[in-house]
Amino acid sequence: MPKITMIGAGSTVFAKNLLGDCMASPSLEDSHFALHDIDPKRLEQTAQIMTAISRTFGSKATITTHLDRREALKGADYVFNAIQVGGYKPSTVIDFEIPSRYGLRQTIGDTLGIGGIFRGLRTIPVMLDIARDIEELCPDAWLLNYTNPMAMVTGAMLRATDVKTVGLCHSVQCCVPELLKPLDIPLSGVKWKIAGINHMAWLLEVSHNGEDLYPEIKRLAEARSKAGKHNDMVRYEMMKRFGYYVTESSEHNAEYLPYFIKSTAPELIDRFNIPLDEYPRRCEEYEHLWTGIEAALGGMLTEEMEAQLMTLLDENTANEVQGLLSAWRKGEALPHTRSEEYASYMLEAMETGSPYTFGGNVLNRGLITNLPENAVVEVTCLADQNGITPTVAGALPPQLAALSRTNINVQDLAIEAALTRRRDYIYHAAMLDPHTAAELTMDQITNLCDDLIEAHGGYLPAYQ
């Protein structure tokens, strides 16, 4: 019976998906699920939901809750990490509001850019504390990191600790379906190859019965954009200019590059349908979601409140929450359909020896030959009874490697800043960020970093 510990289990919907998936696996259904969070209320909510899901699968799982992280980690075989240091308020608000005063606008701000840098700076020290606990209490455990900024957090763990870490993201498994479905190209029988860095991995090959699909994809993509605005216009433009489709969404990539969010060309925002300040909007949506879940679990959610809540959520989230609330009110077991998240399939492969391939974030040890050694790269990995083994992707097309290096530069310097506590590395990371450097002067960037350091207060260690 493996022990699976989730750090950040107060992320109730995410915990429901990851841990519910494990309960849906015959080889993992009797696992010990140790839930840890620093918020006792959220922790209890997750435990209640996981208990209801466990009933669906015969209540074979053992579920325990822990405010003490060390107790949750003791003897773990696998650790899932999904923490957010500083939360939406105050930290995400700070990440957006202060740069905006300098005229620097963002969309998501959790991976690169000034928001991604400071999210990394406040997250890495906490992750290093967690690593010390893992090294002592469960040194053979695999850490599956879901926390952004993925490359910075995963890179710091792999460079500075002995914890067996792999970073996991949704973008690789979603990439090809997101590209082909709007273009009415059937997914059945399609083969592809993806490699690069997190949120900027590239669809290097896509074919059907040996036929390259890229010419038809590019023709249809151009026709779609001419027909009207849609939510993938940045990625289409990058595919047109650089030849390849990128894994992560247009709203994300708009802020990883110097071309799209420009105060000197504000018309680009409308032309490429870029949703500025998108992440704060989503955070407000999920604030309403938590309020609704809390009210439901406390028996205080009226039909009027529920109807109002559903208008604030996107369709998929609303359907998921309505199903959860309906089952909860009836005192039923909570059904769970296994998702496409990698985690449960990876654990199943390691437990049973039946191999499983996935897109993982690991250190570049000759895996992508024209990216820097020890950069965090996203490549196909194999999970089996031997653990996790990355595969060699070879060289990226030179223009893609060059684009990736612009992001790796920022990631590398932000990691160095977090590990050395040197303030000048923070400045360097921000000055090398493609979007920030395209908008601000060096003096402005330095002053912005100083303002952000001060505003984050105790969420950051002292920098010299």
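For the structure itself, look to the data block above.
Below: a short report on this structure. Just so you know, these numbers come straight off a predicted model, no measurement behind them.

Here we come to the overall build of the protein chain. When helices and strands are tallied, the protein chain shows 19 helices and 13 strands. The globule rule puts the C-alpha radius of gyration for 464 residues at 23 Å, and the 22 Å found for the protein chain is close to it. Dimensions of the protein chain, computed from C-alpha atoms along their principal axes, come out at roughly 60 × 55 × 50 Å. Within the protein chain, the proportion of its 464 residues that are buried is 56%. Restricting to contacts in the protein chain with at least 6 residues of sequence separation, those with at least 24 account for 70%. By element, 50% of the accessible surface of the protein chain is carried by carbon and sulfur atoms, the whole surface being about 19,000 Å². Positive and negative side-chain charges in the protein chain, numbering 40 and 61 respectively, have mean positions lying 2 Å apart.

With respect to the secondary-structure elements, T389 resides in strand β13 (residues 387–390). Between the C-alpha atoms of T389 and T357, which are 32 residues apart in sequence, the distance is 9.5 Å. In this view, T389 contacts C381 and L382; residues no more than four positions away in its chain are not counted.

So, on to the side chain of D232. Within the fold, D232 resides in the loop between α8 (214–227) and α9 (233–242). For D232, a relative accessible area of 4% gives the class buried. Each residue touching D232, except ones within four places of it in the same chain, is listed here: R224, Y245 and S250.

One way to put it is that helix α4 (residues 87–101) packs onto helix α19 (residues 442–456) with a least axis distance of 10 Å and a crossing angle of 155°. Considered as vectors, α4 and α19 are oriented roughly antiparallel to each other. In this structure, α4 meets α19 at a crossing whose hand is right-handed. Counting all contacts with α4, which are made through S91, I94, D95, I98 and P99, the residues of α19 involved are L448, D451, L452, A455 and H456. Looking at the contact of α4 with α19 residue by residue, the class counts come to six nonpolar, two polar and two charged.

Of all 11 residues making up helix α6 (residues 150–160), eight are buried, and the element is well covered by its neighbours. In this structure, the buried side of α6 is in contact with α5 (113–137), β5 (142–145), β6 (164–167), β11 (356–363), β12 (376–384) and α16 (398–420).

This next bit is on the packing of α6 against α16. Where α6 meets α16, the closest approach of the two axes is 9 Å, and the angle between their N-to-C directions is 55°. Considered as vectors, α6 and α16 are oriented oblique to each other. Seen from above, α6 lies across α16 with right-handed handedness. Facing A151, M152, G155, A156, R159 and A160 of α6, the residues of α16 in contact are Q411, D412, A414, I415, E416 and L419. Its residues assigned to classes, the contact of α6 with α16 shows seven nonpolar, two polar and three charged.

Below, the discussion takes up the packing of aromatic side chains. For the coordinates displayed, the defined rule picks out nine aromatic pairs. Aromatic side chains Y214 and Y244 sit 5.8 Å apart centroid to centroid with 85° between the ring planes, which places their arrangement in the edge-to-face category. Of this pair, Y214 sits in helix α8 while Y244 is found in the loop between α9 and β10 (245–246), placing the two residues 30 residues apart along the sequence. Aromatic pair Y342 and F358: ring centres 5.7 Å apart, planes at 55°, arrangement tilted. With a gap of 16 residues between them, Y342 in the loop between α14 (315–329) and α15 (343–352) and F358 in strand β11 connect regions that are remote in the sequence. Classification of F358 by relative accessible area gives buried; the value is 4%. Among the aromatic residues, those joined into a cluster by ring pairs are F242, Y259, F260 and F272. If you follow K218 out to its NZ or CZ, it ends over the ring of Y214, 5.1 Å from the centre. Positioned above the aromatic ring of Y425, the side-chain terminus of R422 is 4.2 Å from the ring centre.

Attention now goes to the environment of M350. Residue position: M350 is located in helix α15. Excluding residues that lie within four positions of it along the chain, M350 makes contacts with Y78, W142, A383, D384, Q385, G387 and I388.

Turning next to α15. Within the sequence span of α15, burial applies to A343, S344, M346, L347, A349 and M350. Just downstream of α15, G353 is the residue with a positive phi angle, here 85°.

Here we come to unusual backbone geometry. For the bond from K89 to P90, the omega torsion is 10°, close enough to zero to count as cis. Each neighbour pair has its own omega, and for N148 with P149 the value is 0°, a cis peptide bond. Structurally, P149 is set in the loop between β5 and α6. With a phi angle near 50°, N209 is a residue other than glycine that sits in the positive phi range. Inspection of the secondary structure puts N209 in the loop between β8 (200–208) and β9 (211–212).

What counts, and where the lines are drawn
Residues numbered from 1 in each chain as written. Predicted model: local features only at pLDDT ≥ 70, side-chain atom pairs only at ≥ 80, totals over all residues. Heavy atoms only, no water. Helix = DSSP H or I, 4+ residues; strand = E, 2+ residues; numbered from the N terminus. Rg over C-alpha atoms; globule rule 2.2 N^0.38 Å. Buried < 20%, exposed > 50% of the residue type's maximum accessible area, 1.4 Å probe, protein only. Contact = heavy atoms within 4.5 Å. Areas by Shrake-Rupley, 256 points an atom, 1.4 Å probe, with all protein chains shown as cover. Lys, Arg positive; Asp, Glu negative; His and termini not counted. Charge placed at Lys NZ, Arg CZ, Asp CG, Glu CD. Axes fitted to C-alpha atoms, helices over the stretch in contact; angles between N-to-C directions. Parallel < 35°, antiparallel > 145°, perpendicular 65-115°, else oblique. Left-handed = near helix turned anticlockwise from the far one by under 90°. Nonpolar A, V, L, I, M, F, W, Y, C, P; charged D, E, K, R; others polar. Phe/Tyr/Trp six-rings, centres within 6.5 Å; stacked < 30°, edge-to-face > 60°. Lys NZ or Arg CZ within 6 Å of the ring centre and 35° of its normal.

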